Amino acid sequence: MILTPLHLCLLLSSALFCIGLIGALSRSSSILVLLGVELMLNAANLNFIAFWRYGPNPAAGTGVLFVLFSIAVAAAEAAVGLALVIAIYRHQRSIRLQDARRLKG
Amino acid sequence: MTGLLIIALVTLVPAAVAMALRNVIHSALLLILSWAGIAAFYFWAGAEFLAFSQVLVYVGAISMVVLFAVLLTRHTRTDGGVAPDTLGRALAGLLIGGAVLGVLFGAVLSTPLPIGSKPAAAVTVHGLGVELMERHTIALLVVGVLLTVALLGAVVLAASDSRSGPEDAR
Amino acid sequence: MNAMPGIFAAATGADSLLERWPILFRDTVAGFFPAPLQWLVGSLISILAIVAIFGGVFAALTLLERKMLGRVQNRPGPNRTGPFGLLQPIADGIKMLTKEDIVPRSADHLLHFLAPVALLAFSILTFAVIPFGRNLVPLELDAAVLYFFAAGAATELAIFMAGWASRNKFSLLAAMRALAQLISYELPLLLSFVPIIMLAGTLSMTGIIDQQAGWNFGFIPKWYIFTPWGFAAFAIFLVAALAESNRSPFDLPEAESELIAGHLTEYSGFKYALFFMAEYFGMIALSGMAITLFLGGWRAPLPFLEFIPSYLWFGAKLLGLLLLFIWIRGTFPRLRMDQLTRLAWKFLVPLALFNLGTAAFWSLTSGWSGPLQLARWGVAIALVVVPFVLLGRGLSRGVAPRTYRFA
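From a predicted model like this one, the values you see are computed outputs, not experimental measurements.

> Got a minute to help me understand the overall build of chain B in this structure?
From N to C terminus, chain B includes seven helices and zero strands. Of the regular secondary structure in chain B, the N- to C-terminal order runs α-α-α-α-α-α-α. By residue count, 35% of the 170 residues in chain B fall in the buried class. Sequence separation of at least 24 residues holds for 45% of the intrachain contacts in chain B that already meet a minimum separation of 6.

> For this particular structure, what's the right way to read the domain arrangement of chain B?
Interfaces are often sized by the accessible area lost when the parts come together. Splitting chain B by domain gives domain 1 (1-76) and domain 2 (121-159). Here the C-alpha centroids of domain 1 of chain B and domain 2 of chain B sit 22 Å apart.

> Got a minute to help me understand the packing of helix α2 (residues 30-54) of chain A against helix α2 (residues 24-44) of chain B in this structure?
Axes are the key here: two packed helices are described by the angle between their axes and the distance separating the axes. At a minimum axis separation of 10 Å, α2 of chain A and α2 of chain B run at an interaxial angle of 10°. The angle between α2 of chain A and α2 of chain B places the two elements in the roughly parallel class. Between α2 of chain A and α2 of chain B, the residues in contact are L32, L35, E38, L39, N42, N45, L46, I49 and Y54 of chain A and S27, L31, S34, W35, I38, F41, Y42 and W44 of chain B, respectively. Looking at the contact of α2 of chain A with α2 of chain B residue by residue, the classes come out as 12 nonpolar, four polar and one charged.

> Teacher, can you tell me more about a nonpolar patch on the surface here?
Judged by side-chain polarity, F32, F33, L37, W39, L40, L44, I47 and V51 of chain C come together as a nonpolar surface patch covering roughly 770 Å² of accessible area. Mapped onto the elements of the fold, L44 of chain C is located in helix α3 (residues 38-72).

> Even after reading the chapter, I still don't get the interface of chain A and chain B, so can you show me in this structure?
Listed by partner, the interface residues are 70 residues for chain A and 82 residues for chain B. Buried surface at the junction of chain A and chain B, summed over both partners, amounts to about 7,100 Å²; 77% is from carbon and sulfur atoms. On the surface where chain A and chain B come into contact, there are zero salt bridges. The interface formed by chain A and chain B holds eight residue pairs in polar contact (both at pLDDT 80 or more) in total. Listing elements by their share of the side of chain A that touches chain B, those giving two or more residues are α1 (5-26), α2 and α3 (62-92) of chain A. Taken together, the residues of the side of chain A that touches chain B break down into 49 nonpolar, 14 polar and seven charged.

> It is not clear to me how the confidence of the model for chain A should be interpreted in this structure. Could you clarify?
Detailed reading of the predicted model is not advised wherever pLDDT is low. Mean pLDDT over chain A: 84, with 96% of residues reaching 70 or higher. No element of chain A has a lower mean pLDDT than α3 of chain A, which averages 86, and none a higher one than α2 of chain A, which averages 88.

> Would you explain the packing of aromatic side chains in this entry?
Aromatic rings in a pair are described by how distant their centres are and how their planes are angled relative to each other. A full pass over the atoms with the stated rule returns 24 aromatic pairs over all chains. Considering the side-chain rings of F41 of chain B and Y42 of chain B, the 6.3 Å spacing of their centres and the 65° angle between planes classify their relative orientation as edge-to-face. On the basis of relative accessibility, which here comes to 0%, the residue Y42 of chain B falls in the buried class. Here F127 of chain C and F132 of chain C contribute two aromatic rings whose centre-to-centre distance is 6.5 Å and whose plane-to-plane angle is 40°, an arrangement assigned as tilted. Judged by relative accessible area, which is 2%, F127 of chain C ranks as buried. Members of the aromatic cluster, connected to one another through ring pairs, are F54, F58, F127, F132, Y280, F281 and F314 of chain C. The positively charged end of R167 of chain C is found above the aromatic ring belonging to W164 of chain C, 5.3 Å away from the centroid.

> Teacher, can you tell me more about the pattern of salt bridges here?
Pairing between side chains of opposite charge can happen when their charged atoms approach one another. All names here are of chain C. All told, the structure shown has five salt bridges over all chains when counted by the stated rule. In this structure, the salt-bridge partner of E65 is R329, at a minimum N-O distance of 2.8 Å. Linking E65 in helix α3 with R329 in helix α13 (residues 310-331), this pair joins segments that are 264 residues apart in sequence. Looking at R329, the relative accessible area reads 33%, which means it is partly exposed. Notably, a salt bridge pairs R299 with D210, separated by 3.5 Å at the nearest N-O pair. Taken together, the residues span a long stretch of sequence, with R299 in the loop between α12 (269-294) and α13 and D210 in helix α9 (residues 205-211) at a distance of 89 residues. The class of D210 is partly exposed, set by a relative accessible area of 48%.

> Please clarify how the side chain of T11 of chain B should be interpreted in this entry.
Relative to the helices and strands, T11 of chain B is located in helix α1 (residues 2-20). Since its relative accessible area comes to 2%, T11 of chain B is described here as buried. Here the side chain of T11 of chain B touches I7 of chain B through a polar contact of 2.6 Å, landing on its backbone oxygen. In this view, T11 of chain B contacts L16 of chain A together with S34, G37 and I38 of chain B; residues no more than four positions away in its chain are not counted.

> Sorry, what's going on with the interface of chain B and chain C here?
Chain B puts 23 residues into the contact, and the matching count from chain C is 27 residues. For the pairing of chain B and chain C, the buried interface totals around 2,200 Å² over both sides, and the portion due to carbon and sulfur atoms is 82%. Together, F52, L56 and M64 of chain B form the three largest contributors to the area buried by chain B at its contact with chain C, with a combined 28%. Counting across the chain B and chain C interface gives zero salt bridges. For the interface between chain B and chain C, the tally reads two residue pairs in polar contact (both at pLDDT 80 or more). Counting residues per element, the side of chain B that touches chain C draws most heavily on helix α3 (residues 48-72) of chain B, which supplies 14 residues. Here the residues of the side of chain B that touches chain C sort into 14 nonpolar, seven polar and two charged.

> Would you explain helix α14 (residues 337-364) of chain C in this entry?
Side chains three or four residues apart in an α-helix point the same way, a direct result of the helix having 3.6 residues per turn. With 28 residues, α14 of chain C should reach 40 Å at 1.5 Å per residue; the first-to-last C-alpha distance of 40 Å fits that figure. Along its length, α14 of chain C reaches its greatest deviation from straightness, about 30°, at A344 of chain C.

> Can you walk me through the nonpolar core in this structure?
It is characteristic of soluble globular proteins that their nonpolar side chains tend to be buried jointly. Counting 179 residues, the largest nonpolar core has F237 and F294 of chain C as the members making the most contacts within it. Residue contacts for F237 of chain C: discarding those within four places in its chain leaves F149, L189, S192, L286, M289, A290, L293 and F294 of chain C.

> When you look at the packing of helix α10 (residues 228-244) of chain C against α14 of chain C in this model, what are you seeing that I'm missing?
Residue and element names in this part refer to chain C. One can describe the packing of α10 onto α14 by two numbers: an axis separation of 9 Å at closest approach and a directional angle of 155°. Taken together, the axes of α10 and α14 lie roughly antiparallel to each other. The two elements α10 and α14 cross, and the hand of that crossing is left-handed. Of α14, the residues touching α10 (which contributes P228, W229, A232, A233, I236 and V239) are L343, L348, L351, A352, N355, T358, A359 and W362. A class-by-class count of the residues in the contact of α10 with α14 yields 12 nonpolar, two polar and no charged.

Criteria and cut-off values
Residue indices follow the written sequence of each chain, beginning from 1 at its first position. Each chain is given a letter, starting from A, and each ligand a number, starting from 1, according to the order in which they appear as written. pLDDT decides what is reported in this predicted model: residues at 70 or higher carry local features, side-chain atom pairs at 80 or more are listed and counted, and totals for whole chains, interfaces and linings draw on all residues regardless. Computation of side-chain values: all heavy atoms of the structure, hydrogens and water removed. Going along the chain from the N terminus, every DSSP run of H or I of four or more residues is numbered as a helix, and every run of E of two or more is numbered as a strand. Classification of residues uses two cut-offs on accessible area relative to the type maximum, computed with a 1.4 Å probe and protein chains only: under 20% is buried, over 50% is exposed, and between them is partly exposed. Here, two residues are considered to be in contact whenever any of their heavy atoms come within 4.5 Å of each other. Just so you know, the domain bounds were taken from an automatic or database domain assignment. Interaxial angle, 0 to 180 degrees, is taken between N-to-C directions of lines fitted to C-alpha atoms, where a helix line uses only the stretch in contact. For classification purposes, angles smaller than 35 degrees are called roughly parallel, those larger than 145 roughly antiparallel, those between 65 and 115 roughly perpendicular, and all remaining angles oblique. In this classification, Asp, Glu, Lys and Arg are treated as charged, Ala, Val, Leu, Ile, Met, Phe, Trp, Tyr, Cys and Pro as nonpolar, and every other residue, Gly included, as polar. Exposure above 30% relative accessible area and the lack of any salt bridge qualify a residue for a patch; like charges then connect within 9 Å, and the nonpolar side chains Val, Leu, Ile, Met, Phe, Trp and Tyr within 5 Å. In short, Shrake-Rupley with a 1.4 Å probe defines the accessible areas, and a residue's cover is counted only from the protein chains shown. Each salt bridge in this description consists of a side-chain nitrogen of Lys or Arg and a carboxyl oxygen of Asp or Glu lying within 4 Å of one another. Here the quantity called buried area is the total loss of accessible area, with a 1.4 Å probe, experienced by two parts when brought into contact, counted for both. In protein, a polar contact means a hydrogen-donor-capable atom and an acceptor-capable atom, both N or O and within 3.5 Å, with residues adjacent in sequence counting only if both atoms are side-chain atoms; elsewhere, any N or O pair within 3.5 Å suffices. Confidence scores labelled pLDDT are given residue by residue by the predictor and lie between 0 and 100. In this scheme Phe, Tyr and Trp rings, the latter by its six-membered ring, pair at centre separations within 6.5 Å, and the angle between planes marks the pair as stacked below 30 degrees, edge-to-face above 60, and tilted otherwise. By definition here, charges over rings are those cases where NZ of Lys or CZ of Arg is within 6 Å of the ring centre and within 35 degrees of the ring normal. In a helix, the anticipated span is given by 1.5 Å times the number of residues less one. The bend reported for a residue corresponds to the angle between axes fitted to the seven residues ending at that residue and the seven starting there. Put simply, a nonpolar core is a bunch of buried Ala, Val, Leu, Ile, Met, Phe, Trp, Tyr and Cys residues held in one set by side-chain atoms that sit within 4.5 Å of each other. Each helix crossing is assigned a hand: it is left-handed if the near helix lies turned anticlockwise from the far helix by less than a right angle, otherwise right-handed if that turn is clockwise.

Printed below as a string of structure tokens:
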């Protein structure tokens, strides 16, 4: 069993993904949940770059371009998500996820 | 290799601590450090353009929006005690996260991956631009539309509705 | 890492000795060290030179600013320390160093300490890619313009940290204002230099300066400021840069008539001085950026003046821009918060977007010559002036013209 740099990159990204997952599952502040999702997205980006760097064809910039688009989508997601948080706060006076259950049947 | 380990430390430790802290501002600032670490990873991997984009978008823009949202939603009521269901949720989250971590680590470690021997040819900014405008034009346009719609949507969602006065007066 | 060979290869230009001595000096000193350490020593010399020179510029600038503001306000300015008050920066430095460093008991101690350090570090980082002269680029990057704005974007974060960690309502208000200001003005700042990148076709600073080489009619330099879209972009850049570096008239985070000293309220002694140092460094860095993007970098303005070394030209342009900033500070009253954001979103951003179109037109019509050249200029100028007038009218609707009843 040899640990190549690619293995290390993948381990790093999976650890980051799990930190984001734990945060998104266990925190009750909706801002932190959003940030956890953001971390998971970043971990996926790390994987793209790792496979681009050590893949068979690093001269093609496909991995870089994919991450570029992903960053743009993440920015849009963060803006809309935080706007949602502020809208929830205006209605509930709280950003705890447990309090936002008005629509629960 | 040592560079990668340092980057992993700078990325993982702040992220883990941020998810455990009670102070949301501290969490946000630590996560910004973690994002900067990810930018360092991109730089290490030879994607300079991406590293600067990451810093510009995450450290420069998203962090500002996050901090603004935290300041606008100062929660005073829930600061007192820990809600009873929090511990259970945290335990469940840790269990699930740990299980996923185990599965991912096992999968990665048991897979024989090709050893990256040849250094990657640096992708220049010019090359990226050509690629972006020739092969991925549609994607670029779609992202542009998406960003515009997201901006408008965020403004509509966050803008206070001036007609429903009593709602804001509380 | 891959920029390192470039640094040492740069010294082989066919320029005069006066032009090359900084590079020669660095390579000579680095030559005394074994080969693996040479790039480290070379970089350290660059860093030391930047910190020493711009530290000196900072000290001189504080005095210059106070003297000039005094001139604008019809008073002498500092004139007690040394001849004409020339030793004032030294006296200020001693005073700042010997003052007690007070940290509020309820402050967030770590962030309170980190804020000025981070602010200064980020503003010094931006110096790394500015070409101070021919071959005098500390770090040659493919995406240098992007690097500059990435490093600069982090400074506002430090201001937020300072305001939040102080646990003072005025500081917190200042932090909020700083964030709002950044979100508003980052966009016009970024949009203002997109036409330059579009026309130059590169993100590298040296590439952009190379594009501005040469002369029209033998004496008008081909700087981007001498084109209609370039001038408009320069104006937008200047306004946005003033706002980005928290200079008056956009110094709302530290508006003393409203917020005591804003995010600086709970800082004293040397930390307070660090904030000022960072503000001036940020101003110098943005001026350097404006010089590179719009004013031809280190190039001489007239062909027969080219014998003067390039770094002196850079210094002269830098001094000119800094004096302009000080002049603006002495002239304009501070904006209100709503005016500030309205100016950014309703005026500067649309104007910058229109300017993008103007630059595209300019780029498409680069083949026109003869009388078509006149038409090209006419259309481009119209494309700049008409949106400016229309947007300006929209901006001041309901506000101007104002009748002064008691004046």
